[in-house]
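# Geometric and topological summary
Residue strings, one per chain:
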Amino acid sequence: MSLLYACSHLDPPISPLPPSYPSSSSSFSPLHNLYFCEECDAVRCDQCVAVEVASYFCPNCLFDVPSANVRADKNRCARSCFSCPQCSSSLSIQATDSIQSGEASSSTTSAPGPPYILTCSGCRWSSKEVGWEFEKPTGIALQLQKTHSHNEPIQSEFDALKEHLDSYISTNAPPIPTPRSTRAPFRHISHLTQMASKALHRDLSGMAGSSARARPRGSGVGKDGEKEKVGWDVLGEYESKTSWKQLGLESGLEDVEKMKKLEYSGVAGVATLDRTWDKSWNGNRMASAILPQRIPLQTKLTKRCPHPTCRHLLIQPDTKSVRMKIKMVAMNYLPHAELGRRKRRVTSGSSAGGGSSENLISPEEAEMRRRERRLRGKGPLTKEEDESMDRPLEAGQVYTFALALTNPLYDPIQIRLTQPHGPKNAPEPNHLLYLPTQHFTINALKDAWAYDEEEAEEDPTFGAGGSEAGFSEEGTVTTGTGTGTGTLSKKSRMSILVGGSTREKRSRGETGVEKKGNTSIVGLEVEILPEAKGKVEFDLEVRYTYRADEVSEKGEKGKEEYKTFTFWIRVNAGQVE
Amino acid sequence: MGAFDTVITYDKGTHIETDTGNKVSRKATIAGATNIILGGKSIIQTGSILRGDLRRSTAGQHVVISMGRYCLIGEGAIIRPPGKMYKGAFTFYPVRISDFVHIGAGCIVEAAQIGSGVEIGKGCIIGKFVIIKDLAVILPNTVLPEGTVVPSMSVWSGNPGRIVDTLPETYQETMEAKCKNYYQRFRPAA
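Given the structure is predicted, the values throughout are model-derived calculations rather than measurements.

## A word on the overall build of chain A
When helices and strands are counted, chain A shows 17 helices and 23 strands. A burial count over chain A gives 23% of its 577 residues as buried. Residue pairs at least 24 apart in sequence account for 72% of intrachain contacts in chain A once pairs closer than 6 positions are excluded.

Now the structure itself:
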């Protein structure tokens with residue numbers, strides 16, 4: 001089971017709110033969805049990165065549409081890609097001749113020819129139903145534009161209105177208002193407001209006094225109407241292309257027609273909402289009247305670090321292939337954490353009802369007790385029983401889990417595992433967590449080939465026994481097909497570890513850590529409180545120390561610089577029912 | 001990744017391992033084996049059917065199904081080449097499957113091309129001449145109609161299949177690790 005990683009969303013890295021706050025879930029996402037900015041030394045997620053469109057392409061013909069054409073094409077494929085009006089799968093172009101002759105006389109090779117139609121291989125819809133036939137099998141969108149230019153009356157009306165307003169937007173900026181013309185309105189004043197203000201200041205016969213009083217206050221604007229208009233936007237009246245009178249709406253002819261169709265087809269004949277979603281409300285809403293739409297374009301995105309002073313590229317796609325030119329993903333920086341191997345502690349005999357007896361003890365005391373129990377080692381008192389990860393947890397039981405951390409770096413790293421402190425008034429969690437092994441190291445990632453070889457030789461299961469078994473495995477050389485290279489790589493890995501001066505002591509005294517390749521596995525102990533219900537979730541603070549390359553090159557030989565990075569993971573151990 | 005995955009075992013006699021590391025179930029139906037190319041380290045599981053016999057009718061050697069490395073054909077999956085009328089005669093066209101392709105159990109695949117890093121869930125029907133580009137996911141029980149084009153980094157679902165999501169940029173590494181991991185875990189019982 002993979003775990004979720006926290007992203008602080010531009011805030012300085014602090015421990016996120018505990019899982020008891022539902023709002024904290026928005027800052028957690030799986031590791032493979034996260035990015036990493038090297039400049040800021042921070043994790044970034046899909047919610048906070050700045051996104052730009054790198055290129056547009058049609059998902060059906062995979063044609064890269066130049067961004068200059070996208071607007072004119074209304075974000076849809078301008079070639080021959082149409083989606084089925086009934087089932088939205090892509091339509092294919094078919095020559096009509098071949099259908100007729102194919103059934104009648106398959107032996108005679110009649111060359112399939114025009115007219116061409118669009119057919120849907122998903123639901124057998126064909127463009128004959130709406131009367132679309134084409135002379136050529138290419139450039140359908142263009143052919144369609146010539147023959148059926150006005151398929152929706154509202155569209156041409158909308159285009160005309162847009163053009164009318166476009167001229168208003170694209171006209172040159174107004175001349176800088178001279179100090180004299182203080183009444184020049186700002187651009188954001190709507191046309192309606194301008195009209196209203198014009199009407200208010202209109203000279204009325206018999207009200208000359210009021211306007212005369214108003215004028216001088218306007219800091220000496222001349223009586224000339226022309227001058228007053230400096231900076232005013234001139235917007236002509238918009239006249240609609242068609243009038244409702246022309247359409248005959250007043251006589252309700254359309255409605256009569258609609259009702260007739262509805263009577264004929266029944267309710268099933270009306271197109272469902274998701275089919276008419278991207279159309280105007282005006283027009284025919286019968287399923288049979290829906291026309292195929294050009295397929296909407298898709299994009300490839302460039303992603304940037306959201307930090308205002310950074311803005312470094314995190315993702316830059318290559319328009320030609322699936323490879324990325326720049327790919328700064330957290331997977332290459334942070335250890336990958338997994339939870340597994342759940343075990344339930346079976347307390348023998350007298351302490352079977354351990355949950356209920358511990359009910360009376362304060363959590364601190366219980367913690368102490370458990371610590372003691374742990375120190376005594378795996379005495380004969382406690383036995384553990386394997387359980388499936390999918391089974392619900394039981395209240396009042398103690399479970400142990402294994403937490404695996406996999407190192408993505410080519411250097412060994414040192415881990416410190418702690419439980420973050422939540423805010424003071426946070427609700428009490430429904431469980432107690434104990435981390436028996438808080439400090440341990442993870443071996444370096446090796447070259448792909450060396451790693452593969454080792455993988456092939458070793459058994460992929462980590463010793464089924466306890467954690468000690470895994471540790472002893474590290475010391476001994478694997479038997480069987482273990483060739484010279486296998487043992488050599490092992491030794492060199494050991495020497496790297498020992499070479500790290502500061503970590504020497506730690507790596508010697510490591511117990512409770514199970515290592516294999518670049519993965520280390522440690523135990524976790526979770527005690528579910530007797531009254532617990534719902535999800536058992538907790539956060540872990542992982543701090544890792546790694547060797548920084550750049551600093552070691554600066555003359556200071558022998559002394560290697562170490563850096564630390566802290567991140568938080570959310571562990572969902574299961575559900576109590 | 002995959003630290004807690006367990007070994008998937010099979011009885012030694014039930015699968016044949018080739019020199020290049022392919023593991024082919026003896027209970028898989030492989031017709032026209034001379035027309036099938038396996039890239040190596042691929043697994044063909046029990047009950048799957050590979051129709052290499054549906055070759056082009058003209059004379060000469062024709063590759064019908066070609067498959068890359070680290071592929072998996074799930075239990076009971078059927079791979080058959082697509083065919084259509086061309087110039088008055090019915091012809092089959094080859095199926096090209098790249099590396100790191102997992103085809104789930106019970107799928108029926110008549111695609112023309114499946115790119116690398118593609119995962120097809122259980123019980124999918126991939127229609128004739130479907131083209132699946134590199135890095136795509138077809139969720140279980142999806143039906144892709146004839147001639148569908150699945151672009152890179154997309155997730156498809158439904159009947160008929162539609163794009164429902166896009167994949168994270170790390171998907172290539174994830175899928176390659178997953179396929180390698182699966183191959184290494186699939187081994188005979190000791």
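## Examining the overall build of chain B
The helix and strand tally for chain B stands at one helix and 25 strands. At 16 Å, chain B has a C-alpha radius of gyration in line with the 16 Å of a compact globule built from 190 residues. Oriented by its inertia axes, the alpha-carbon framework of chain B measures out at about 55 × 40 × 20 Å. Looking at chain B residue by residue over its 190 residues, the buried ones come to 48%.

## Quick word on the interface of chain A and chain B
Contact with chain A, which involves 34 residues of that partner, is made by 30 residues of chain B. Secondary-structure elements contributing two or more residues to the side of chain A that touches chain B are strand 13 (324–327), strand 14 (336–347), strand 16 (398–406), helix 13 (448–457) and strand 21 (519–528) of chain A. In terms of residue count, the dominant contributor to the side of chain A that touches chain B is strand 14 of chain A (four residues). For the side of chain A that touches chain B, the per-class residue count stands at twelve nonpolar, 18 polar and four charged.

## Focus on the nonpolar core
Tyr5(A), Leu34(A), Ala330(A), Leu403(A) and Ile569(A) are the most contacted members of the largest nonpolar core, which totals 55 residues. It is strand 16 of chain A that contributes the most residues to this core, seven residues altogether. Each of domain 1 (5–54 + 304–330) and domain 3 (335–444 + 512–576) of chain A contributes no fewer than three residues to this core. In this structure Ile569(A) touches Leu3(A), Leu4(A), Tyr5(A), Ala337(A), Asp539(A), Leu540(A) and Val542(A), once residues within four positions along its chain are discounted. The next biggest cluster of nonpolar side chains, apart from the first, holds 47 residues, and it includes Val322(A), Ala28(B), Met67(B) and Val118(B).

## A look at helix 1 (residues 171–185) of chain B
In a regular helix each residue adds 1.5 Å, so 15 residues correspond to 21 Å; helix 1 of chain B covers 21 Å between its end C-alpha atoms and thus fits that length. Those residues of helix 1 of chain B lying buried are Tyr171(B), Gln172(B), Met175(B), Lys178(B), Cys179(B), Tyr183(B) and Gln184(B).

## Looking at the confidence of the model for chain A
Fine structural detail should not be taken from predicted coordinates in areas where pLDDT scores are low. All names here are of chain A. Looking at chain A as a whole, the pLDDT averages 72, with 62% of positions reaching at least 70. Within the model, pLDDT remains below 50 along residues 99–109, and this stretch shows six contacts once partners closer than five positions in the same chain are excluded. Scored below 50 in pLDDT, residues 376–380 shows zero contacts in the model against residues more than four places distant or in partner chains.

## Focus: the sheet that holds strand 24 (residues 162–166) of chain B
Residues and elements named next belong to chain B. Taken in spatial order, the nine strands make up an open sheet running 2-3-6-9-14-17-20-23-24, and their pairing is mixed. Both edges of this open sheet fall to strand 2 (15–17) and strand 24, since each of them pairs with a single strand only. Pairing of strand 23 (residues 154–157) with strand 24 involves four bridges; the strand directions are antiparallel. Among the inter-strand pairings, tryptophan 156 is bridged to a residue of strand 24, identified as isoleucine 163.

## Structural notes on the pairing of strand 16 of chain A
All names here are of chain A. The element strand 16 is extensively covered by neighbouring structure, given that eight of its nine residues are classed as buried. Across nine bridges, the pairing between strand 16 and strand 21 is antiparallel. Looking at strand 21, one finds that alanine 404 is bridged to isoleucine 521.

## Focus on the environment of Gly121(B)
All names here are of chain B. Along the polypeptide, glycine 121 turns up in the loop between strand 17 (118–120) and strand 18 (125–126). For glycine 121, a count of 20 C-beta atoms within 10 Å translates into the label buried. Between the C-alpha atoms of glycine 121 and isoleucine 138, which are 17 residues apart in sequence, the distance is 5.9 Å. Sequence-distant contacts of glycine 121, that is, excluding residues within four places in its chain, are made with Gly104, Ile138, Leu139, Pro140 and Thr142.

## Considering the confidence of the model for chain B
For chain B, mean pLDDT is 92; residues scoring 70 or higher make up 99% of the total. Reported confidences for the modelled complex are a pTM of 0.74 and an ipTM of 0.89.

## Structural notes on the sheet that holds strand 1 (residues 4–6) of chain A
Residue and element names in this part refer to chain A. An order of 2-1-23-22-17-19 is seen for the six strands of this open sheet, with the pairing classed as antiparallel. The strands lining the two open edges of the sheet, one partner per strand, are strand 2 (28–30) and strand 19 (439–442). Within this sheet the neighbouring strands show an average axis-to-axis angle of 35°, counted without direction. Pairing geometry for strand 17 (residues 413–418) and strand 19, over four bridges, is antiparallel. Its bridge partner lying in strand 19, isoleucine 413 is registered against isoleucine 442.

## Notes on the environment of Ile290(A)
Residues and elements named next belong to chain A. Turning to its location among the elements, isoleucine 290 is positioned in the loop between helix 10 (273–276) and strand 10 (293–294). Residues isoleucine 290 and alanine 271, 19 residues apart in the sequence, show an inter-C-alpha distance of 7.8 Å. When sequence neighbours within four positions are dropped, the list of residues in contact with isoleucine 290 reads Pro85, Ala271, Arg275 and Thr276.

## Section: the environment of Asp99(B)
Residue and element names in this part refer to chain B. With respect to the secondary-structure elements, aspartate 99 resides in the loop between strand 13 (95–97) and strand 14 (101–103). Along the primary structure aspartate 99 and arginine 69 are separated by 30 residues, whereas in three dimensions their C-alpha atoms are 4.7 Å apart. Residues in contact with aspartate 99, not counting those within four places in the same chain, are Gly39, Gly68, Arg69, Tyr70 and Ser116.

## Regarding unusual backbone geometry
Cis peptide bonds are those with omega within 30 degrees of zero, and the linkage from Asn159(B) to Pro160(B) qualifies with -5°. Its location among the elements puts Pro160(B) in the loop between strand 23 and strand 24. Phi at Lys74(A) takes a positive value of approximately 60°, unusual for a residue other than glycine. Counting through the fold element by element, Lys74(A) comes out in the loop between helix 1 (67–70) and strand 7 (82–83). By the C-beta count within 10 Å, which is 11 here, Lys74(A) ends up exposed.

Quick notes on the rules
Residues numbered from 1 in each chain as written. Chains lettered and ligands numbered in written order. Predicted model: local features only at pLDDT ≥ 70, side-chain atom pairs only at ≥ 80, totals over all residues. Helix = DSSP H or I, 4+ residues; strand = E, 2+ residues; numbered from the N terminus. Buried ≥ 20, exposed ≤ 12 C-beta atoms within 10 Å, placed from the backbone. Contact = placed C-beta atoms within 7 Å. Rg over C-alpha atoms; globule rule 2.2 N^0.38 Å. Nonpolar A, V, L, I, M, F, W, Y, C, P; charged D, E, K, R; others polar. Core = buried A, V, L, I, M, F, W, Y, C linked by C-beta atoms within 7 Å. Domains from an automatic or database assignment. Expected span 1.5 Å × (residues − 1). pLDDT = per-residue confidence, 0-100. Pairing = 2+ DSSP bridges. Axes fitted to C-alpha atoms, helices over the stretch in contact; angles between N-to-C directions.

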